[in-house]
Amino acid sequence: MNKKISSALISVFYKDGLEPVVRQLQAQGATIYSTGGTQKFIEDLGIEVIPVEALTSYPSILGGRVKTLHPSVFGGILGKRNDAKHVEEMQQYNIPILDLVIVDLYPFEETLATTNEEALIIEKIDIGGPSMIRAAAKNFSDVTVIASKDDYQPLVDLLQQQAGSISLEQRKAFAAKAFQVVANYDIAINNYFNAATPLTVIGAGQQTPLRYGENPHQKAVFFGNLAESFNQLHGKEISYNNLVDIDAAIELIKEFEETTFAIIKHTNVCGIAQREEVIDAWNYALAGDPESAFGGVLVCNKEVDAATAEAINEIFFEVLLAPSFSENALEKLKTKKNRILLQLKSTTTTPVIYKNVVNGTLQQGKDEGNFATWNEAGERQATEAEKQDLLFANIVCKHLKSNAIALVKNGQLIGKGCGQTSRIDALRQAIEKAKQFNFDLAGAVMASDAFFPFNDCVKMGHEAGITAFIQPGGSIRDKDSIEYCKENNLAMVITGMRHFRH
């Protein structure tokens, strides 16, 4: 059933885009009620407006905290037009019928992004706004609610096309959007107060449709605000698989302060190196596995300069993330139109991980940290050079799919095995990779994401030239691997922290 808009309550924080709405309401002879800054905005347009205070007989009080919380306002929104008792009571108490409610919310999330001052943040927790939106949405059978400026123009279009009326189906659709706006707002406030245990609602927040999911026959949507993490400087639309690898790249690169360049493929690290200069970090990362780097996601924690861009430009890759790019570097990298270039703004990611399983959802905290203890359990202490490589290798291994082995020498990943069903197979894969690209494993170190169930991995690694090992320990047969190290003058560090990744 169509309802003609004869009256409207308008109270918004953002006024941009509001003028066409107000002028359309004026043109169709609707009575307009408003408050504060919105009232002044409408008056400045030369359009007649009735202040809400005329309904409530109360001015805006307590610094604006209380102005619309009154039966004369909420009665006009919630009253059922087809209920004789409601109509009688509204007439008895001089409550006006409100056909349209246009209300947005104080910018809580925007304030949170610009200040840490609690008093300012708290003042941006809207009370009246969500209450009016919920009331209007609840009574969609009689009331049209607009809770976002994104719907201003659609509203104007409908009013113009339908002689100032809105259908029941349209009112219900606006109500659905309104409830979502309020839900997202409440989640943001909850997460401010409960930062350690934030709520994540799948389907809430900003939505970005993707071309498809992991495969072309799967539909996909991203929920969130990518602009908080990076600016896209160039390239095609970011895909589902791109985003999965971008996330893996950000999680990896935030672990390092030293100049580091990494290459990600299917969320696994296939090349990574640390050097003083960015160009050297790139060259050594690529050398670790130039074959797998094809079509990968590249990430660096320093500015990409012209020399590095020139070198990178020689290979095909999907995405490059960096905190900044020199002007000449950007010019060079933009020569391929589909190449995605992202300026990394923040490495902050969601603090919890969700995974759909069976008929529910698993939740866990992020795998933070490198080691819990540093227990030198081998025959000798690791040398300083070995220690630095062990620290690096352990973090790299943490970012490989289990079962995982990482082989590192002089700050460069030279072999890795990942996603294997046995640890010894992961090691075989890692050694084979190192041999494929002619790396000398003499003096290299090995990291394992979980304990060695037997001494076979340590023995195989030693025979290949590895001199130091790092692993979490925890096997009932830890002593077998430790004894082998002691017998062969090898270093072994037990960390007490497993890094499974499935």
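Here, every reference points to the structure presented above.
Residues numbered from 1 in each chain as written. Predicted model: local features only at pLDDT ≥ 70, side-chain atom pairs only at ≥ 80, totals over all residues. Heavy atoms only, no water.

**Q** Help me out: how do you make sense of the overall build of the protein in this one?
**A** For the protein, the count of helices and strands is 18 helices and 23 strands. Judged by the C-alpha coordinates and their principal axes, the protein covers about 95 × 50 × 45 Å. Here the protein holds 502 residues, and 49% of them are scored as buried. Considering only contacts within the protein whose residues lie at least 6 apart along the sequence, 56% involve residues at least 24 apart. Carbon together with sulfur atoms contributes 51% to the accessible area of the protein, which is approximately 24400 Å² in total. Treating the 48 positive side-chain charges of the protein as one cloud and the 61 negative ones as another, the clouds have centres 5 Å apart. (Helix = DSSP H or I, 4+ residues; strand = E, 2+ residues; numbered from the N terminus. Buried < 20%, exposed > 50% of the residue type's maximum accessible area, 1.4 Å probe, protein only. Contact = heavy atoms within 4.5 Å. Areas by Shrake-Rupley, 256 points an atom, 1.4 Å probe, with all protein chains shown as cover. Lys, Arg positive; Asp, Glu negative; His and termini not counted. Charge placed at Lys NZ, Arg CZ, Asp CG, Glu CD.)

**Q** Hey, could you run me through the packing of helix α1 (residues 19-27) against helix α9 (residues 152-161) in this one?
**A** To characterise two packed helices, one gives the angle between the axes of the helices and the distance between these axes. Between α1 and α9, the least distance of the axes is 9 Å, while the angle of their chain directions is 25 degrees. In this view, α1 runs roughly parallel relative to α9, as classed from their interaxial angle. Relative to α9, α1 is oriented so that their crossing is left-handed. Taking contact as the criterion, the partners of P20, V21, Q24 and L25 in α1 are, on α9, Y152, L155, V156, L159 and Q160. Of the residues that constitute the contact of α1 with α9, the class distribution is seven nonpolar, two polar and no charged. (Axes fitted to C-alpha atoms, helices over the stretch in contact; angles between N-to-C directions. Parallel < 35°, antiparallel > 145°, perpendicular 65-115°, else oblique. Left-handed = near helix turned anticlockwise from the far one by under 90°. Nonpolar A, V, L, I, M, F, W, Y, C, P; charged D, E, K, R; others polar.)

**Q** When you look at the environment of I263 in this model, what are you seeing that I'm missing?
**A** Here I263 lies in strand β11 (residues 260-265). For I263, a relative accessible area of 0% puts it in the buried group. Between the C-alpha atoms of I263 and N375, which are 112 residues apart in sequence, the distance is 31 Å. Once residues within four sequence positions are removed from consideration, I263 is found in contact with N268, V269, C270, G271, W282, A285, L286, A293, V297 and L298.

**Q** Where do I start with helix α8 (residues 128-138) in this structure?
**A** Residues spaced three or four apart along an α-helix face the same direction, because each turn holds 3.6 residues. The buried fraction of α8 is high, at eight of eleven residues. The complete set of buried residues in α8 reads G128, G129, P130, M132, I133, A135, A136 and A137. On its buried face, α8 is in contact with β2 (7-11), α4 (71-78), β5 (100-103), β6 (144-146) and α10 (168-193).

**Q** Quick question: what am I supposed to make of α4 here?
**A** Of all the eight residues making up α4, six are buried; the element is thus mostly covered by neighbouring parts of the structure. All buried positions along α4 are accounted for by S72, V73, F74, G75, G76 and I77.

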